[in-house]
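# Topology and contacts: notes
Next come the chains, spelled out residue by residue.
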Amino acid sequence: MYTILHKRSLNPSVTLMKIDAPLVAKKARAGQFIILRVNETGERIPLTIADHDAEKGTVTIIFQKVGGTTFLLDTLNEGDALLDFVGPLGRATEVDGYHRVAVVGGGVGCAIAYPEAKALHAAGAKVDMIAGFRNKDIVMLEEEMGAVSDRLYVMTDDGSNGNKGFVTVKLQELLDEGNAYDLVIAIGPLPMMRAVAELTKKYGVKTLVSMNPIMIDGTGMCGGCRLTVGGEVKFACVDGPEFDAHQIDWDGAMKRLGQYKEEEHECNLMKRFGKQ
Amino acid sequence: MAVNKQMEKTPMPEQEPQIRAANFEEVAKGYTVEMAVNEAQRCLHCKTRPCVSGCPVNVQIPDFIAQIAERDFEGAYQTIRATNSLPAVCGRVCPQESQCESKCVRGIKGEPVAIGRLERFAADTHMHAETECAVKPVPNGHKVAVIGSGPAGLTCAGDLARLGYEVTVFEAIHTAGGVLMYGIPEFRLPKTIVQREIASLREIGVDIETNMVIGKVLSVDELFEQGFEAVFVGSGAGLPSFLGIQGEELLGVMSANEFLTRINLMKAYRDEYDTPIKRAKRVAVVGGGNVAMDAARCAKRLGAEHVYIVYRRGENEMPARLEEIHHAKEEGVEFLFLTAPVQVLGDEGGRVTALECVDMVLGGPDASGRRRPIEVEGSNHELSVDMVIAAIGNTPNPLIRTTTEGLEANRRGCLVVNEETMQTTREGVYAGGDVVTGAATVILAMGAGKHAARSIDEYIRGKGR
């Protein structure tokens, strides 16, 4: 069993949990993910590792309540335990050798963009971070992101924090100012990552995105997470989760993510938690 | 004792096809005591014991059959158990027709003795009897790590534990059993039976650690550092092959692994479980092995109106167990032999609408000895379906090979071993089962696990000298 040592709400729909998982914490690197199962009847869901502490033996996960399992997960409290917690899975982000990096996070994606920025910053890169949210009330991890980036730009869709615009608006501005990034990392909802990819392609800047498709085992066994990258079938769980954003078949990826929408609505958990 | 001259096997009661095609309960119900004793009396007890030579794990078949005939059922179980770690599993899923039963002298004129059914009977009787706890062997002070808790790993672990080794099995997913849990459906191999078999291994001291992806959370080198003196790799062939045709990215196309894992491991067919599953109306399963039969029969049970097996060769070339093909037919699965998929067609939303196929004819034998299928030009036709399941095989997962130095693999990604010892190209690391052979059967994997256990024992004893 994997005990929840700490739980904190980052905004009304996003929760942070520190999980007691010493073996995973010891090996975890930025960019990797875990798979968890809340209880015996639960699904296995992948979540990217938001932070880890090898000494304390903890792994931090941050999740948005979007489906049955994340609603269920959010009902657990400090002292409760998860039935299964396996990882670290997937390939870690290559952080060495970059000088100027822009890390772009969208919404809950900032939870994953943050450790990337942290790792790149620690590896000596100069990091600009752009974090986008719908409005100022759901801004999260501002302090943490500020601490690991040279410049942090928090954008809101509605302008409620004074910086109106999508993350791509700010990114384009920075690119136009002549910031010579050797890498852009974008993590967030698929449409946002796709928009970043389309933008940076014009500027010829290498861009990585972290994909979060439907998975079961997370070790290459089911093929549920497959996507087309550069015309080849790749498994996000073992070949990713990070891929070259300019090579991804975005239409295909978006369709696959919506595959079980109908079933999700029927599922017991949604009946149980749907009203929240 | 007089031999029972009955020419046919004593039939085993089964659920009626129409009824079972709508539930996930076990199809075959097993022998009663009287049926088992009757069938056991058909054994001739040949001096040469040909059946034993057909068994990859060397079960002393005539001995246990004699014990059943004498109504010493626990004795029969112990005889099987002496060489077979998973009797209740083997009695259900072994391809007996190509192994022990194929050698049975009774099979020359009539049907062979139903060895598989008798094995199952002995194992099930033992389980129902709730006999006393197994005795833990005296520890010999040596530690062995086993990677993977499928049939190869469990057999290797069981055999080593009985020799006094302290064995730890590392399993990547949350439940031990490997393909027995995620692959083979409940109606063919009830999961409670697999778990009982695993529990009996735990009773003799085998430690099973789940959620441990070796190659990620720990490397093989780290296992040696932790004091394990040998490592057995039984990680199976878990990487699904796809068809490599146009339209494979469409929604509704999936690997048999995914389909079966959702159903068997995650129990998506039961309301109280959260994992979703698509309930398609018309399903094409591509492939002709046991996995294809399992996927087709599951699709039927999930309510599909039409389930097609699309297989590029003929019925005689099908690698599936005869019983599975027979059961699938009884349940209404439609077989399209000499038919190969060309592309998957979809609608604007990206969902599968049809599988375009071509007819095939059989030519001369290929490298596998089976007749090579050749496409009939201009025979393209569409099969209207809303789900396509690829059951065309699996290859070994590269995770261990790519994170362990000194492990050589062949071009299909299978680990290279010395066939005498099952040792890989690295000292102290042994391997067996699908990770070496590519996708094969439960019993061959068990045979390999057993073989490796013997070699590991010799290796560790040799080191002490």
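Scoring rules and cut-offs
Residues numbered from 1 in each chain as written. Chains lettered and ligands numbered in written order. Predicted model: local features only at pLDDT ≥ 70, side-chain atom pairs only at ≥ 80, totals over all residues. Heavy atoms only, no water. Pairing = 2+ DSSP bridges. Helix = DSSP H or I, 4+ residues; strand = E, 2+ residues; numbered from the N terminus. Contact = heavy atoms within 4.5 Å. Axes fitted to C-alpha atoms, helices over the stretch in contact; angles between N-to-C directions. Salt bridge = Lys/Arg side-chain N within 4 Å of Asp/Glu carboxyl O. Buried < 20%, exposed > 50% of the residue type's maximum accessible area, 1.4 Å probe, protein only. Domains from an automatic or database assignment. Buried area = accessible area lost by both parts, 1.4 Å probe. Polar contact = N/O pair within 3.5 Å; in protein donor to acceptor, adjacent residues only side chain to side chain. Nonpolar A, V, L, I, M, F, W, Y, C, P; charged D, E, K, R; others polar. Patch = residues over 30% accessible without salt bridge, like charges linked within 9 Å, V, L, I, M, F, W, Y side chains within 5 Å. Areas by Shrake-Rupley, 256 points an atom, 1.4 Å probe, with all protein chains shown as cover.

### A few points about the sheet that holds strand S4 (residues 45–53) of chain A
Residue and element names in this part refer to chain A. Strands sit in the order S6-S1-S2-S5-S4-S3-S7 across an open sheet of seven strands; the sheet is antiparallel. On the outer flanks of this sheet lie strand S6 (81–82) and strand S7 (84–89), each paired with one strand and no other. Both strand S1 (residues 2–11) and S6 contribute to a ladder of two bridges, which runs antiparallel. In the sheet register, Tyr-2 faces S6, and the bridge partner there is Leu-82. Docked against the sheet, helix H3 (residues 110–122) engages S4 and strand S5 (58–64), running at close to 40 degrees with respect to S4.

### Re the pattern of salt bridges
Residue and element names in this part refer to chain B. Applying the stated rule across the entire model yields 42 salt bridges over all chains. Of the charged contacts, one joins Arg-301 and Glu-331 as a salt bridge, the two residues approaching to 2.7 Å between their closest N and O atoms. Taken together, the residues Arg-301 in helix H14 (residues 290–301) and Glu-331 in the loop between helix H15 (322–330) and strand S9 (334–336) connect sequence positions 30 residues apart. The exposure classification of Arg-301 matches that of Glu-331, with both residues buried. When the shortest N-O distance is used, the salt bridge between Arg-461 and Asp-457 registers 3.1 Å. Separated by four residues within a single helix, Arg-461 and Asp-457 lie in helix H18 (residues 442–463), roughly one turn from each other. A single salt-bridge network, built from bridges that share partners, covers Glu-14, Arg-20, Arg-188, Asp-294, Arg-297, Arg-301, Arg-321, Glu-323, Glu-324, Glu-330 and Glu-331.

### Side note on the domain arrangement of chain B
Residue and element names in this part refer to chain B. You can read the domains of chain B as domain 1 (17–129), domain 2 (143–238 + 395–463) and domain 3 (242–392). Contact residues are listed per partner, giving 23 residues for domain 1 and 25 residues for domain 2. Here domain 1 packs against domain 2, burying approximately 2100 Å² in sum over the two surfaces, 68% of which is carbon and sulfur. If you look at where domain 1 meets domain 2, you find zero salt bridges. Applying the counting rule to domain 1 against domain 2 returns eight residue pairs in polar contact (both at pLDDT 80 or more). Mapped onto the side of domain 1 that touches domain 2, the elements with two or more residues apiece are helix H6 (87–93) and helix H8 (115–129). Top element by residues in the side of domain 1 that touches domain 2 is H6. It accounts for six residues. Tallied by class, the residues present in the side of domain 1 that touches domain 2 amount to 13 nonpolar, five polar and five charged.

### As for the sheet that holds strand S7 (residues 282–286) of chain B
Residues and elements named next belong to chain B. Here five strands make up an open sheet; going across it, the order is S6-S14-S7-S8-S9 and the pairing parallel. Here the strands that pair on one side only, and so sit at the sheet edges, are strand S6 (253–255) and S9. Strand-to-strand twist across the sheet, computed as the mean angle between neighbouring axes with direction ignored, equals 25 degrees. Sheet topology note: the S7/strand S8 (residues 306–310) ladder contains five bridges and is parallel. By the bridge assignment, Val-283 is partnered in S8 with Val-307. Sheet strands in contact with helix H13 (residues 256–265) are S6 and strand S14 (387–390), and its direction is about 80 degrees off that of S6.

### A word on a nonpolar patch on the surface
All names here are of chain B. The grouping of Val-3, Leu-44, Val-105 and Ile-108 at the surface amounts to a nonpolar patch, some 330 Å² of accessible area in total. Following the sequence through the fold, Leu-44 ends up in the loop between helix H2 (33–40) and helix H3 (50–53). For Leu-44, a relative accessible area of 40% translates into the label partly exposed.

### Observations concerning the interface of chain B and chain A
Tallying the contact residues gives 42 residues for chain B and 41 residues for chain A. Looking only at chain B, the three residues that lose the most surface to chain A are Asn211(B), Lys216(B) and Asp274(B), adding up to 19% of its buried area. In this structure, the connection of chain B to chain A is made through one salt bridge. Measuring nitrogen to oxygen at the nearest pair gives 2.5 Å for the salt bridge that ties Glu222(B) to Lys27(A). On inspection of chain B and its partner chain A, the count reaches 13 residue pairs in polar contact (both at pLDDT 80 or more).

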